[in-house]
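So the chains spell out like this:
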Amino acid sequence: MKLQSFAEYPFVEGGVCAAKGFRAAGICCGLKHQELSTTAAAAVSASEPDHKPKKNDLAMIVSDSECAAAAVYTSNKVKGAPILVTKQHLQDGKARAVIVNSVNANTCNADGVEKATAMCKLAADALQIAPEDVIVASTGVIGQVLPIEPIAAAVPALTEALSYEGNAAALNAIMTTDTRPKEVAVSFQVGDVTCKLGGMLKGSGMIHPNMATTLTFLTTDCAIAPEMLQRALSDVVRVTLNRVSVDGDQSTNDMACVMANGAAGNQQITAENANYVAFRGALYAVMLNLARMCAADGEGATKLIECVVSQAESEQIAETVAKSVICSSLLKAAMFGADANWGRIACAMGYADCDFDVAKVDVDLASAAGKIAVARNGFGVPFSEDEAKKVLLEDEIQLLISLNSGEAAAVAWGCDLTYDYVKINGDYRS
C-alpha cells in the first residue's frame, strides 16, 4: 500500500521510537499457550521446534520523562477492563508508559479490573514510576480470564529489553490477525524547532467507525498542553479512524492514545495557534496513513477501498454516505469479484441516514489502471465491462461519488469481503 505523503510532514523511521526520549520493547511471555488446555499446549509445544521463534505478545512503550497524554476509547457498551483503568489513570492528562498484551482481551471477566491494575503496578514497579502514570491495553479473545502470572514473570525481561530502537518488537507484540506491521512517523516544524510524531496500530478485524476501531499508540516529542493534545486527537480521530470499517463489528477494547514529552524543546502549545495547526497536521499525516493501513489489512482482504464523496451540502452528509458505502457487504463482495455493479453503491447510498438528491448523483470507479464513469445524474451510463474490470482488479480502488449539491467532502476507507474472512473468524480462538 502506498503511503500518502505531505511535503511539510516528511516521513522518518522509528515508529513510536522516532520522537526523542521514547523507548519500546516487545517479548513473548507465552500467553498463547496459557489460553490452551494443558493437553493442547503440550501438543503445540511438541509440534513447534525449540528454534522456532514465538510471536511477541507483551509490549511496553516508555518516555524518559513525564508526558501530557490523551486518549479516545471504544464506544461499545461492553468495554474491556483495561479501558476502565486507563480512563482513570488519564484523568490528570499525564502518563509515562504503556503496557499492552495481545492474545487475551481481558474483557467480561470478574477480575478484569484487578488484572489490568496489576499490569500497571508491575510496569510501574519495574520502571520506578507511579502506577497511575501507566496506560494499560489488551487485545485478543473476549471472555477468557487473563493469566497474570506469565505477564508478571516477563515484565523484568521486558523492561530490560527497552530500547530507542524497540518499535518493531513492540509492534509485533500487539498484532493478532494482522498480516503486516502498521507504523508511521513524521517530522514537522513548530516555530524553528523540529519535532517528531510517530505511531503504531493493530487492527484487522472487529473494525467499524465511531471510535475505537483499533489499538493505536502515538508518541511525540512536541511540547503541548494536555487539553490541546486531547482536542487534536479527538478532531483527527473523527476524520481518520472513525472512517474505517472492515466488517461492521466494533471492538470492546480499542483505544487510541498519545503521549507528548516535550523533549524537542519547543515552546509549549497552549492555544489554537499556528503551532497547534502544525501539530494537528502531523497527527493527521500519521493517523491517515495508519487508518489506510488498517483498512487495507482487513481480515482476508485483497483490496483497499477508498470512498470519496464530494460536492455535498455538508461534511456530515458526505461522511454518512461514504461510511454507508464502505460498510456494505454486497459492495465489498462485488469489489472482491471486480464486478462493476454500481447499483450496489446506489443501494448503500440510499439507506444512508441523510438526505441528498439522487437525481444529481454521479459515480466513477478509479484505480491505478484508470477511471471510468458508471453513473450520471442518478442513472447508469454505458461503459465497458472489460475496462471496468481492469480498474477493479487493482489492489487500491477509489469509489468517486459526487452529490453535486454543495462544497463539502469526506473520505472513508474499507476493504473487500473475501472467503478468507469467514475462514479466519470461523476458528479465531484456535
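These notes cover the structure that comes with them. (Residues numbered from 1 in each chain as written. Predicted model: local features only at pLDDT ≥ 70, side-chain atom pairs only at ≥ 80, totals over all residues. Heavy atoms only, no water.)

1. Considerations on empty space enclosed by the protein
Applying the stated criterion to the full structure yields 1 cavity of 30 Å³ or more. Size it by volume and the largest cavity reaches roughly 30 Å³. Around the largest cavity sit Glu313, Ile317, Asp355, Phe356, Asp357, Leu403 and Ser405, which together line it. The residue inventory of the lining of the largest cavity, partitioned by class, reads 3 nonpolar, 1 polar and 3 charged. (1 Å grid on protein atoms, 1.4 Å probe; cavity = no way out; pocket = protein on both sides within 12 Å on 5 of 7 lines; lining within 4 Å. Points joined across faces, edges and corners; volume = space filled by probe spheres on them. Nonpolar A, V, L, I, M, F, W, Y, C, P; charged D, E, K, R; others polar.)

2. Describing a nonpolar patch on the surface
On the surface, a cluster of nonpolar side chains totalling about 230 Å² of accessible area is made up of Met1, Leu3 and Phe11. You can see Phe11 is positioned in the segment before β1 (22–27). By relative accessible area, Phe11 is classed as partly exposed at 34%. (Patch = residues over 30% accessible without salt bridge, like charges linked within 9 Å, V, L, I, M, F, W, Y side chains within 5 Å. Areas by Shrake-Rupley, 256 points an atom, 1.4 Å probe, with all protein chains shown as cover. Salt bridge = Lys/Arg side-chain N within 4 Å of Asp/Glu carboxyl O. Helix = DSSP H or I, 4+ residues; strand = E, 2+ residues; numbered from the N terminus. Buried < 20%, exposed > 50% of the residue type's maximum accessible area, 1.4 Å probe, protein only.)

3. Observations concerning the nonpolar core
Among the nonpolar cores identified, the biggest contains 46 residues, and Phe188, Leu218, Leu233, Phe279 and Leu283 are the most heavily contacted of them. Take this core: its biggest share by element is 15 residues, from helix α8 (residues 274–296). What Leu283 contacts, discounting residues up to four positions off in sequence, is Leu197, Leu218, Ala232, Leu233 and Val236. Core analysis: the second largest hydrophobic core is formed by 37 residues, Ala348, Val363, Val374 and Leu392 among them. (Core = buried A, V, L, I, M, F, W, Y, C linked by side-chain atoms within 4.5 Å. Contact = heavy atoms within 4.5 Å.)

4. Quick word on the state of the cysteines
Here the structure, examined in full by the defined rule, presents 0 disulfides. Left unpaired, Cys17 is separated from the closest cysteine sulfur, that of Cys67, by 13 Å. In this structure Cys257 is a free cysteine whose sulfur lies 11 Å from that of Cys67, the closest cysteine sulfur available. Cys257 gets classed as buried once you look at its relative accessible area, which sits at 1%. (Disulfide = S-S within 2.5 Å.)

5. Comments concerning the pairing of strand β10 (residues 362–367)
With 6 of 6 residues buried, β10 lies mostly within the body of the structure. Burial along β10 is two-sided: the face carrying Asp362, Asp364 and Ala366 and the face carrying Val363, Leu365 and Ser367 are both buried. Note: β10 against strand β13 (residues 396–402), 5 bridges, orientation antiparallel. Opposite Ala366, over in β13, you have Gln398 as the bridge partner. Examined bridge by bridge, β10 and strand β11 (residues 370–376) share 5 bridges and lie antiparallel to one another. Paired with Asp364 across the strands is Ala373, a residue of β11. (Pairing = 2+ DSSP bridges.)

6. Re the pairing of strand β8 (residues 255–260)
The element β8 is extensively covered by neighbouring structure, given that 6 of its 6 residues are classed as buried. Bridge analysis of strand β2 (residues 58–73) against β8 gives 6 bridges, and the strand direction is antiparallel. Directly across from Val72, in β8, lies its bridge partner Ala256. When strand β7 (residues 215–220) meets β8, the two strands line up parallel, connected through 6 bridges. Looking at the pairing, Thr220 lines up with Ala260 of β8.

7. A short note on the side chain of His89
Following the sequence through the fold, His89 ends up in helix α3 (residues 81–89). Residue classification places His89 among the buried residues on the basis of a relative accessible area of 11%.

8. Observations concerning the packing of aromatic side chains
Here the structure, examined in full by the defined rule, presents 3 aromatic pairs. When the ring of Tyr9 is compared with that of Phe188, the centres are 6.5 Å apart and the planes differ by 55°; the resulting orientation is tilted. Of this pair, Tyr9 sits in the segment before β1 while Phe188 sits in strand β5 (residues 183–190), and the two are 179 residues apart along the sequence. This pair shows no difference in class: Tyr9 is buried, exactly as Phe188 is. Relative to Phe279, the ring of Phe188 lies with its centre 6.2 Å away and its plane at 65°, an arrangement referred to as edge-to-face. Highlighted residues: Phe188 in strand β5 and Phe279 in helix α8, separated in sequence by 91 residues. Taking the relative accessible area as the measure of exposure, Phe188 reaches 1% and is therefore buried. Connected via pairs of aromatic rings, a cluster forms that spans Tyr9, Phe188 and Phe279. (Phe/Tyr/Trp six-rings, centres within 6.5 Å; stacked < 30°, edge-to-face > 60°.)

9. With respect to the side chain of Ser367
Of note, Ser367 is situated in strand β10. Using a relative accessible area of 17% as the deciding quantity, one classes Ser367 as buried.

10. Digging into α8
Because each turn of an α-helix spans 3.6 residues, side chains separated by three or four positions end up pointing in the same direction. Across its 23 residues, α8 extends 33 Å between first and last C-alpha, which sits within 8% of the 33 Å expected from 1.5 Å per residue. Counting buried positions over the 23 residues of α8 gives 18, a clear majority of the element. Taking the backbone nitrogen of Asn275 as reference, a side-chain oxygen 3.1 Å away marks Asn273 as the first, capping residue of α8. (Expected span 1.5 Å × (residues − 1). Polar contact = N/O pair within 3.5 Å; in protein donor to acceptor, adjacent residues only side chain to side chain.)

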